[in-house]
Structure formats: C-alpha cells, structure tokens
Amino acid sequence: MSFTFGVILVAVGGILEGLFSMPVTKVKSWQFENIWCMGSLFALVLLPWPLTSYYYDDLYELYSSIPNNVLIAVVLSGVAWGIGGIYWGRAIATMGMAVGVSILMGLINIFGSIVPLAVFEPSQLFTNGGVILIIAVIIMILGVVIISVAAKQKENISHDKQKATNQSIVNRNYMSGIFFCIISGILSAGVNFAFIFGKPIADNAMALKIPEYATSFAVWSLVFSANFFINTVYGFYMMAKKGTFKNLRKGSLTREWLGAVFMGLAWPGGIILYGIGANGMGTHGAYAGFPMMILASILTGNLVGALGGEWKNSGPKPRRIMLAGVLVLGTAFILLGFSTYLMNA
C-alpha cells in the first residue's frame, strides 16, 4: 500500500467517525439512550467479529500466542474508549455536531498522538518529523480554540434571544457539554493506545500469512467488544432507569432504526479504515495518522453541523471565526502527513 493511499484511507475513516454520531441529533421519537444503545449493539454484532472471522481460521491460536499483559492492555484501552464513548454521546446531544465534534476530537488528538509517541518512542520527539508533529498538534489546538470562540459567540447570540429566566439553563447546558467533552477526550484516546498496544497481535497475524491490511482486525475485535459492550449495557441501563424501552416501538424504519444501523457500521468502520491506512503510512503511521483521522472528523462534523442549520441564526461573525478555525485545522492536516513522511524516511 502506498503512503498516499494510506492517508486517503485515514481521511475516509475520519469522515465516518465524524458522521457516526449524526443520528443522535436527528432522531425524533427516541431519547439519547435509545439511539446510543441500539447503535452500540449493532456496532458490536455487525462488523468486528464477522469481519475478523472471515480472515482468520483460528483466532484461538493467534490469541494464545500473545502475552496476557498485551491482551489485558488492549481490552482495558477498549474499556476506556467505551466509557469515553458514553460521554461523547452526551456531549454531542448537548452541544450539537459542529461544536461537539470539534472540541472532542481536539482533546482526543492531544492524548492520542503526542502522549503515546512520548511513551513508546520518545526519541522520535526530537527528530524533524517529531518536531513537526508537535507543531501540527499545537496548530490543531489553536484551530480548536478558534472554533470554541466561535461557538461561545454563537451561544451569546442565542442567549440574547432568550428570556432571562432561561439564561441559567442554557449556561448550565453549555458547561455540562464542556465537561462531557473533557472526560470523553481523555478516555476516547484509548482507541489509539489499543492500536499501539496491539502491535504484537498484528505481528503474529502477519506470521500466520494474514493479508497485511487485515492484520489489525484481530486487535479491533477485542477493542470493539470492550467498547461497544459497555455502551450497550449503559444504554439498556438508562432505558430501564428512565422507562424509555417503549420508545423503541415508536421509531420509524427510515430514521431511528436505519440511523442505529448507520451508527453500528460507521463507528467501527471508520476505526478499521484508520487502522488499515495507518499501517500503510509506515512504522510511525499510528502517531500522525491518528490526529489526521481526528482532523477529518472535525471537518466533517462542522460541515454536517453547518448543513444541518446549527449555525443558521448565529450571525456572520461567528461563522467567519468558525471558517478561520477550519482553515487552521486544514493546515495542521497537511503538516501531520509531512511529519509521518519524515519519521519514516
């Protein structure tokens, strides 16, 4: 696989990650826990294990050849990602696609790229590629800050249009959304730690003559099982607590249920494509490829939010600031690809 094709797959994976939570803001007859539970359930059963089983004749042989500490690290990383996913959904439901995805992905990028590089390959931090990676992440953070400023100005305009009695409620919702974003941003980075921890699994899969693009599937099956099981159980728990099981009978096939199926395919599908693309980008693809996926997700989330009317009544100034943030993020995407090229040279 060429480096360029790897970058394309990473970007496509990021687009899917930016789109998968879109049904959370679009369902009419369901509550958050309904769509999140069904989407997680479909993600658990539709893609990971059937896809892995197609390529691997004997998964037990593969997993039994892996040290227990590696398997435990991969699964625990999936658990962290799963808990982060719960807060991800709450953040999107509270703040909307454009703002929520931007802040979430910016935080996940920090904890999912520079931190693992510093932990696993600290010497790379002082190479030309490592320095450019750090600069790209700083530029990305700047872009996220700019987008956050645009979001705050949008909120202020919205506040001016509301009665004073509703002001404190809107402020609390905004602060709750920020809290959800921070927790999710830290824990959701576990998905990239799992990919890095799982390298021995992919190496052993290669020794078993598994196609190179499919060597990460055995890693993802463990990670997805931990992640989506937690999210599914959480969804069932919330439906039982709030008495919203009955909503499942209200959903229309064209919106609620197909939205859940879309979530179940796009959520793990984007990560699988990222894994294939990151492998194609070379030895250090996971460090710069992950934030590249994040950037593609941010840009997609902003586009979907804009097309969905989230910025319709915000006024021209917040929209201009948001556009400036998007341009800054695009610059960071280019630098991230260049950093990977240099680290692999």
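Higher on the page you've got the structure.
Residues numbered from 1 in each chain as written. Predicted model: local features only at pLDDT ≥ 70, side-chain atom pairs only at ≥ 80, totals over all residues. Heavy atoms only, no water.

Trainee: Sorry, what's going on with the packing of aromatic side chains here?
Mentor: The description of two aromatic rings rests on the distance between their centres and on the angle between their planes. All told, the structure shown has 26 aromatic pairs when counted by the stated rule. A ring pair is formed by Phe20 and Trp36, whose centres lie 6.2 Å apart and whose planes are at 45°; its orientation type is tilted. Remark: Trp36 occurs in helix α3 (residues 32-46) and Phe20 occurs in the loop between α1 (3-19) and α2 (22-26); sequence separation between them is 16 residues. Each member of the pair, Phe20 as well as Trp36, carries the same accessibility label: buried. Connected via pairs of aromatic rings, a cluster forms that spans Phe20, Phe32, Trp36, Trp81, Phe195, Trp220, Phe224, Phe228, Trp267, Tyr274 and Phe290. (Phe/Tyr/Trp six-rings, centres within 6.5 Å; stacked < 30°, edge-to-face > 60°. Helix = DSSP H or I, 4+ residues; strand = E, 2+ residues; numbered from the N terminus. Buried < 20%, exposed > 50% of the residue type's maximum accessible area, 1.4 Å probe, protein only.)

Trainee: When you look at α3 in this model, what are you seeing that I'm missing?
Mentor: Side chains of residues three or four places apart in an α-helix project in the same direction, reflecting 3.6 residues per turn. Across its 15 residues, α3 extends 21 Å between first and last C-alpha, which sits within 8% of the 21 Å expected from 1.5 Å per residue. With respect to burial, α3 is a largely interior element, 12 of its 15 residues being buried. Regarding α3, the residues found buried are Phe32, Glu33, Asn34, Ile35, Trp36, Cys37, Met38, Gly39, Ser40, Phe42, Ala43 and Leu44. (Expected span 1.5 Å × (residues − 1).)

Trainee: When you look at the side chain of His284 in this model, what are you seeing that I'm missing?
Mentor: Relative to the assigned elements, His284 resides in the loop between α13 (253-280) and α14 (285-307). A distance of 3.4 Å separates the side chain of His284 from the backbone oxygen of Met343, its partner in a polar contact. Discounting chain neighbours no more than four positions away, the residues touching His284 are Glu121, Gln124, Thr340, Met343 and Asn344. (Polar contact = N/O pair within 3.5 Å; in protein donor to acceptor, adjacent residues only side chain to side chain. Contact = heavy atoms within 4.5 Å.)

Trainee: In this structure, what is going on with the nonpolar core? I would like to understand it.
Mentor: One recurring pattern in soluble globular proteins is that nonpolar side chains are buried together. Residues Trp36, Tyr56, Trp81, Leu133, Ile201, Trp220 and Tyr274 are the most contacted members of the largest nonpolar core, which totals 87 residues. When residues of this core are assigned to their parent elements, the largest contribution, 11 residues, is made by helix α12 (residues 217-242). Apart from the residues lying within four places of it in its own chain, the contact partners of Trp36 are Phe20, Val24, Gly85, Ile86, Trp88, Gly89, Asn231, Met263 and Trp267. (Core = buried A, V, L, I, M, F, W, Y, C linked by side-chain atoms within 4.5 Å.)

Trainee: For this particular structure, what's the right way to read empty space enclosed by the protein?
Mentor: In this approach, a probe sized like a water molecule rolls over the atoms, and the result shows the empty space that is left. The final tally for this structure, using the stated rule, is one cavity of 30 Å³ or more. When its volume is computed, the largest cavity comes out at roughly 120 Å³. Lining the largest cavity are 14 residues, and of these Glu17, Trp81, Trp88, Ile108 and Ser188 sit closest to its centre. Counting residues per element, the ones that place at least two in the lining of the largest cavity are α6 (68-95), α7 (97-120), α13 and α14. A per-class count over the lining of the largest cavity returns 11 nonpolar, two polar and one charged. (1 Å grid on protein atoms, 1.4 Å probe; cavity = no way out; pocket = protein on both sides within 12 Å on 5 of 7 lines; lining within 4 Å. Points joined across faces, edges and corners; volume = space filled by probe spheres on them. Nonpolar A, V, L, I, M, F, W, Y, C, P; charged D, E, K, R; others polar.)

Trainee: Could you clarify how one ought to interpret the environment of Asp203 in this entry?
Mentor: Assignment of secondary structure puts Asp203 in helix α11 (residues 199-207). Considered as a pair, Asp203 and Ser216 are 13 residues apart in the sequence and their alpha carbons are 9.0 Å apart.

Trainee: Just checking my understanding: could you explain unusual backbone geometry for this structure?
Mentor: A negative phi holds for most residues other than glycine; trans holds for most peptide bonds. With a phi close to 70°, Lys209 is a non-glycine residue in the positive phi region. Relative to the helices and strands, Lys209 resides in the loop between α11 and α12. Residue classification places Lys209 among the exposed residues on the basis of a relative accessible area of 75%.

Trainee: Sorry, what's going on with the packing of α3 against α12 here?
Mentor: Working note: a packed helix pair is described by the angle between its axes plus the distance between those axes. Contact geometry for α3 and α12: axes closest at 8 Å, N-to-C directions at 150°. Considering the angle they form, α3 stands roughly antiparallel to α12. In this structure, the crossing between α3 and α12 has a hand that is left-handed. Residues Phe32, Glu33, Asn34, Trp36, Cys37, Met38, Ser40, Leu41, Ala43 and Leu44 of α3 form the contact with α12, whose own contacting residues are Phe224, Ser225, Phe228, Phe229, Asn231, Thr232, Tyr234, Gly235, Phe236, Met238, Met239 and Lys242. Of the residues contributing to the contact of α3 with α12, the split by class is 14 nonpolar, six polar and two charged. (Axes fitted to C-alpha atoms, helices over the stretch in contact; angles between N-to-C directions. Parallel < 35°, antiparallel > 145°, perpendicular 65-115°, else oblique. Left-handed = near helix turned anticlockwise from the far one by under 90°.)

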